[in-house]
Structures are given as structure tokens and as C-alpha cells.
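# Per-entry structural report
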Amino acid sequence: MQQQEQTLFAILDAGELLLTAGAEVARVEDTIRRMARAYGFVRTDVLTITASMVVTVQAADGEVFTQTRRILRRETDMRRIEAINALSRTVCQNTLPLDELRMRIEEIRSMPEGSKWRLPAAYLLIAGSFAVFFGGSWRDGIAAMLCSMVLYAVGRVGVRIRLQPIVLTVISAALMCLAALITVKAGLGQGLDYIIIGNIMLLIPGIALVTSLRDMIVGDTISGLLGACEALLRAIAIAAGCALVLMQLGGAG
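Reference entry: report on the structure contained in this document. (Residues numbered from 1 in each chain as written. Predicted model: local features only at pLDDT ≥ 70, side-chain atom pairs only at ≥ 80, totals over all residues. Heavy atoms only, no water.)

### Regarding a nonpolar patch on the surface
For the record, the criterion: To count toward a patch, a residue needs a relative accessible area over 30% and no salt bridge; like charges are then connected within 9 Å, while nonpolar side chains (Val, Leu, Ile, Met, Phe, Trp, Tyr) are connected within 5 Å. Computed with a 1.4 Å probe, the accessible areas rest on the Shrake-Rupley method; for each residue, only the protein chains presented here act as cover. Salt bridge, as applied in this entry: a Lys or Arg side-chain nitrogen positioned within 4 Å of an Asp or Glu carboxyl oxygen. Each helix is a run of H or I in the DSSP string that is no shorter than four residues. Each strand is a run of E no shorter than two, and both are numbered from the N terminus. Burial here depends on accessible area, computed with a 1.4 Å probe over protein chains only, as a share of the maximum for the residue type. Under 20% is buried, over 50% is exposed, and the range in between is partly exposed.
Residues Val167, Ile171, Leu175, Leu178, Ile182 and Leu249 make up a contiguous nonpolar surface patch of about 470 Å² in total accessible area. When residues in the nonpolar patch are grouped by element, the largest group, 5 residues, is from helix α7 (residues 165-185). Classification of Leu175 as partly exposed rests on a relative accessible area of 35%.

If you want it as C-alpha cells, here you go:
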């Protein structure tokens, strides 16, 4: 592989990290264009949607290269977005050697998660707070916090075994509702609705929906519509998972 093709491959790696971390399409395309310009490409055409990236660049000698990248999974990771943005600014100010660029990208790709208690603590706080906020008692808040740990555990296992996001959402919602029913039957929780609502707030794809709306506003209509449809499907999956359990086991609480 030629040096220029290897450079383009590394730039696509950076763009892929941005897109899979939940960055909006406009940010991904702008980052790829800026990095390509910094490495001497005189023209860069980028097409990015939620599931794919296609980049065509023209070198100073007139040679044209095209590479594509299939995107299979997206999540929200602001730390990786911030790290790639910082790397992009560094490259634009002072072009890094290709080996160093690759090394920096791999460091971001393998970035540790940070405090392993941060995410579980956020689950506990969000679920318990919303259960009480919507009218539940403190007992409902505690029950919602316990159910949130079910969501956290299922999410971790689902990502590890690479479950499809829609399937994972249905399973997570169903098991969360089952856990909520158990807490009510055991006498810990009082209001089943409040416990479920508190945990549903953890599943709602709010960031994905806002990002899709922003994509449509700035003119990336296809990506915006795809993102909005994905958010809608996840919302339907949440409802389906909850209904599956409540219709079978009863929802009185």
C-alpha cells in the first residue's frame, strides 16, 4: 500500500472513531477534510451516513484514491470525540508522521473507560431520581435503583457478545420490567409505573434523536432521517420489551 493510501486509511480510522462515538455527520466530514488537507491532498470528497463512509481524495500529483468504511455499531463516548478533535487540531497545526498518527489513533481506540464505578453510579442516580421525580415514593426510588443495575448488567453483556442494538434494547426493557415486578411483589417498591419510568429514562435514545435533528438542520438529510428512524425503532423496542413482560405477568402495582 502506498504512503498516500496508508495516510488516507489512518484518516478514515479517525473518522470512524468519531462516527462510532456518536459524533454528528457534519463533524465527521469536516474532520476528515481538514486532516486530508493537512496531509497534502488537494481535494477531498466525503459522504458519510450512519452506516457507511466513502472518501475520495486527490493528491498533489493528480492521483485519486477512494476508500470506504462500513459502520456496524454506534454508541455515545464524548471522551473519544474530544480526543479525536484534539488530534485533528494537532495535525492541522503541525502534521504528524504517519506512524505517530497511527499510534495516537490506536491509543484513542483503546482508551480505558476511566473509573469503573462512574457508569453504575450514573445509572443508580438517574433511575432513582426520575422515579421519585415522576411521583414515586422513596421506596420506589430504591427499587428503581436496583432495577437499573439489571439494565447495566444486561447492557454490558450485550455489548460484549455483540448483540444488535434493537435486540439488546428489547431484552433490556423486558428484564428491567421483570425486575420491577419482582421488587413490587416483594414489597420493596409500591408504584410499578414509577419504577419502570425511572428506568426507561436510561433507555430513551435522546442523544441519537437530537443528533439526527441537528444533521437534518445542517443539510445532512439522509443521515438525519436514518438516525431519527433508528431512534424511533429503539423507542418501539423499549415499548415492545416492556409490553412483552407486562402483558404476560400483569402490570398492577
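### Describing the pattern of salt bridges
Summed over all chains, the structure comprises 12 salt bridges. Across the pair Asp45 and Arg43 runs a salt bridge, and its minimum N-O distance is 3.0 Å. Asp99 is the salt-bridge partner of Arg102, the closest N and O atoms lying 3.9 Å from each other. Taken together, the residues Arg102 and Asp99, both in helix α4 (residues 98-109) and 3 residues apart, mark about one turn of the helix. The class for Arg102 is partly exposed, based on a relative accessible area of 35%. A single network of salt bridges, built from pairs that share partners, joins Asp13, Glu16, Arg69, Glu106 and Arg109.

### As for the nonpolar core
The test is simple: Here, nonpolar core refers to any group of buried Ala, Val, Leu, Ile, Met, Phe, Trp, Tyr and Cys residues whose side-chain atoms link them within 4.5 Å. What makes two residues a contact is simply this: any of their non-hydrogen atoms within 4.5 Å.
Membership of the largest hydrophobic core comes to 34 residues, with the highest contact counts inside it found for Phe41 and Leu101. Put simply, the parts of the chain that give this core at least two residues each are α1 (3-20), α2 (25-38), β2 (52-58), α3 (78-93) and α4. It is α1 that contributes the most residues to this core, 8 residues altogether. If we ignore the near neighbours within four places in the chain, the residues touching Phe41 are Gln4, Thr7, Ile11, Ala36, Val57, Gln58, Ala59 and Phe65.

### Focus on the sheet that holds strand β3 (residues 64-70)
We count it as follows: Two strands qualify as a pair provided that DSSP identifies no fewer than 2 bridges between them. Axis lines are fitted to C-alpha atoms, over the contacting stretch for helices. Their N-to-C directions set the angle, which ranges from 0 to 180 degrees.
Taken in spatial order, the 3 strands line up as β1-β2-β3 in an open sheet, and their pairing is antiparallel. The sheet is open, and its two borders are formed by β1 (43-49) and β3, each paired with just one other strand. Strand-to-strand, the axes of this sheet are offset by a mean angle of 10 degrees, without reference to chain direction. Alignment of β2 against β3, held across 7 bridges, turns out to be antiparallel. Within the sheet, the bridge partner assigned to Met53 lies in β3 and is Arg69. Lying over the sheet, α1 contacts β1, β2 and β3, oriented at roughly 30 degrees with respect to β3.

### Concerning the environment of Cys242
Here Cys242 lies in helix α10 (residues 221-249). Once the C-alpha coordinates of Cys242 and Arg162 are considered, the two residues, 80 residues apart in sequence, prove to be 22 Å apart. Among all residues touching Cys242, those that are not within four sequence positions of it are Ala173, Ala174, Met176, Cys177, Ile196 and Ile200.

### Quick notes on unusual backbone geometry
One non-glycine residue, Arg162, lies in positive phi territory at about 60 degrees. A relative accessible area of 66% places Arg162 in the exposed class.

### Points about the packing of aromatic side chains
This is how it is decided: Here is the rule: rings of Phe, Tyr and Trp (six-membered ring for Trp) pair when centre to centre is within 6.5 Å. Planes less than 30 degrees apart are stacked, more than 60 are edge-to-face, and the remainder are tilted. Comment: the charge-over-ring label is applied if NZ (Lys) or CZ (Arg) is within 6 Å of the ring centre and within 35 degrees of the ring normal.
All told, the structure shown has 4 aromatic pairs when counted by the stated rule. Residues Phe133 and Phe134 carry aromatic rings whose centres are separated by 5.3 Å and whose planes lie at 80 degrees to one another, so their mutual orientation is edge-to-face. A relative accessible area of 36% places Phe134 in the partly exposed class. Taken together through their ring pairs, the aromatic side chains of Phe130, Phe133 and Phe134 make up a single cluster. The ring of Phe9 carries Arg69 above its face, with NZ or CZ at 4.7 Å from the centroid.

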